[in-house]
Amino acid sequence: MGWYMRLRSELCCVLACLMLLGCGSAPEKRNAMSAEAYRHSERGDRAYSSGDLPRAAAEYQVALRGAQAIEDAAGIAVARINFARVLRGSGRYEQSHQQLAALFSAPQLAYPPNSLAAAAIMQGQLYLEQEDIAAATEWAARGEQICQSGCEVRPSLQLLRAQLAMRNHRLDEANKLVEDALGALNSPTQAVEQANALRLSGELAYAAQDDVRAISRFEQALALDQKLGLPLKIRLDLSRLAQTTARAGRTVEAANYAARADAVGRASTVLTEPVP
């Protein structure tokens, strides 16, 4: 599946709702250490969204140490997942695996089920990107087991299963899973995940040679990512649109999308460069 091999490295972050595990409004009462860890987590979220992975990693590490110091199980889980996400984005897969595996090994704390399910799903995605389909499938099953009683990250699990189905050429099954996930993503707070699901739907349409549907899905994802202000995702959407319109013979549009993707990429690089 050549198209999959070309695109799989960027089919990431479908676990966008993981960000919501660490974001959202803070609880009414926090002790000083917990509040400080939360502030660093928020800073990490902002750095990650802007594409500044080194800064995000540093902030999440501080948040993790703070949460560990007071045995804040929920805070530890969020920080490890977020740190793993950054390591994954930097191509440091083994270290990312280690952060996630720590949530399933001693010392065992009362981690929230949603966080454990999210960690299992991300492990599955990591293995998928590393072409270890058997391990990815095992972790998807583990996530399914955790989610049996219901969990907020089920749409992410459906998208992982869709990627596995797509990887195994089961496009009809993958499409159904993606559409089911989109049907569940009906809240404004799930816009990031919805954009990722739309993008995956576009990938499936592209694989099926349905350029009209692929373009429509990528355009919808782009509109959401622009509203959310996510440069990395905007560039990805534009790149996908350039690729698909080119295949559809719409050369002028393809060139325009490619130029826009390049401009966004260059601007994003400047934004994340250290200030002299």
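Our structure's up above, just so we're on the same page.
None of the values given here were measured: they were computed from a predicted structure. (Residues numbered from 1 in each chain as written. Predicted model: local features only at pLDDT ≥ 70, side-chain atom pairs only at ≥ 80, totals over all residues. Heavy atoms only, no water.)

A. Just the packing of aromatic side chains, in detail. Inspection of the entire model under this criterion finds one aromatic pair. Arg85 extends its terminal NZ or CZ atom over the ring of Tyr48, reaching a point 4.1 Å from the ring centre. Seen from the ring of Tyr206, Arg247 lies directly overhead, with NZ or CZ sitting 3.8 Å from the centre. (Phe/Tyr/Trp six-rings, centres within 6.5 Å; stacked < 30°, edge-to-face > 60°. Lys NZ or Arg CZ within 6 Å of the ring centre and 35° of its normal.)

B. Highlighting helix H10 (residues 171–184). Across its 14 residues, H10 extends 20 Å between first and last C-alpha, which sits within 8% of the 20 Å expected from 1.5 Å per residue. Among all positions of H10, only Ala174, Leu177, Val178, Ala181 and Leu182 are buried. When H10 is viewed along its axis, its buried side chains cluster within an angular range of 135 degrees and face the same direction. Among the exposed residues of H10, those oriented more than 90 degrees off its buried face are Asp172, Lys176 and Gly183. (Helix = DSSP H or I, 4+ residues; strand = E, 2+ residues; numbered from the N terminus. Expected span 1.5 Å × (residues − 1). Buried < 20%, exposed > 50% of the residue type's maximum accessible area, 1.4 Å probe, protein only. Arc of directions from axis to C-beta.)

C. A look at the packing of helix H5 (residues 73–89) against helix H6 (residues 93–101). At a minimum axis distance of 8 Å, the contact between H5 and H6 shows a crossing angle of 170 degrees. Taken together, the axes of H5 and H6 are roughly antiparallel relative to one another. Facing Arg80, Ile81, Phe83, Ala84, Leu87 and Arg88 of H5, the residues of H6 in contact are Tyr93, Gln95, Ser96, Gln99 and Leu100. (Axes fitted to C-alpha atoms, helices over the stretch in contact; angles between N-to-C directions. Parallel < 35°, antiparallel > 145°, perpendicular 65-115°, else oblique. Contact = heavy atoms within 4.5 Å.)

D. Representation of the state of the cysteines within the structure. Evaluation of the coordinates by the stated rule reveals one disulfide. Disulfide partner of Cys147: Cys151, at an S-S distance of 1.8 Å. Because the sign of the S-S torsion sets the handedness, a value of about 70 degrees for the bond joining Cys147 and Cys151 places this disulfide among the right-handed ones. (Disulfide = S-S within 2.5 Å.)

E. Quick peek at the packing of helix H11 (residues 191–207) against helix H13 (residues 231–247). Following both chains from N to C, one finds H11 and H13 inclined at 20 degrees, their axes separated by 12 Å at the closest point. Regarding the angle of H11 to H13, the classification is roughly parallel. Classified by chirality, the crossing of H13 by H11 is left-handed. Of H13, the residues touching H11 (which contributes Asn196, Arg199, Glu203 and Tyr206) are Lys233, Leu236, Asp237, Arg240, Gln243, Thr244 and Arg247. Considering only residue class, the contact of H11 with H13 consists of two nonpolar, three polar and six charged. (Left-handed = near helix turned anticlockwise from the far one by under 90°. Nonpolar A, V, L, I, M, F, W, Y, C, P; charged D, E, K, R; others polar.)

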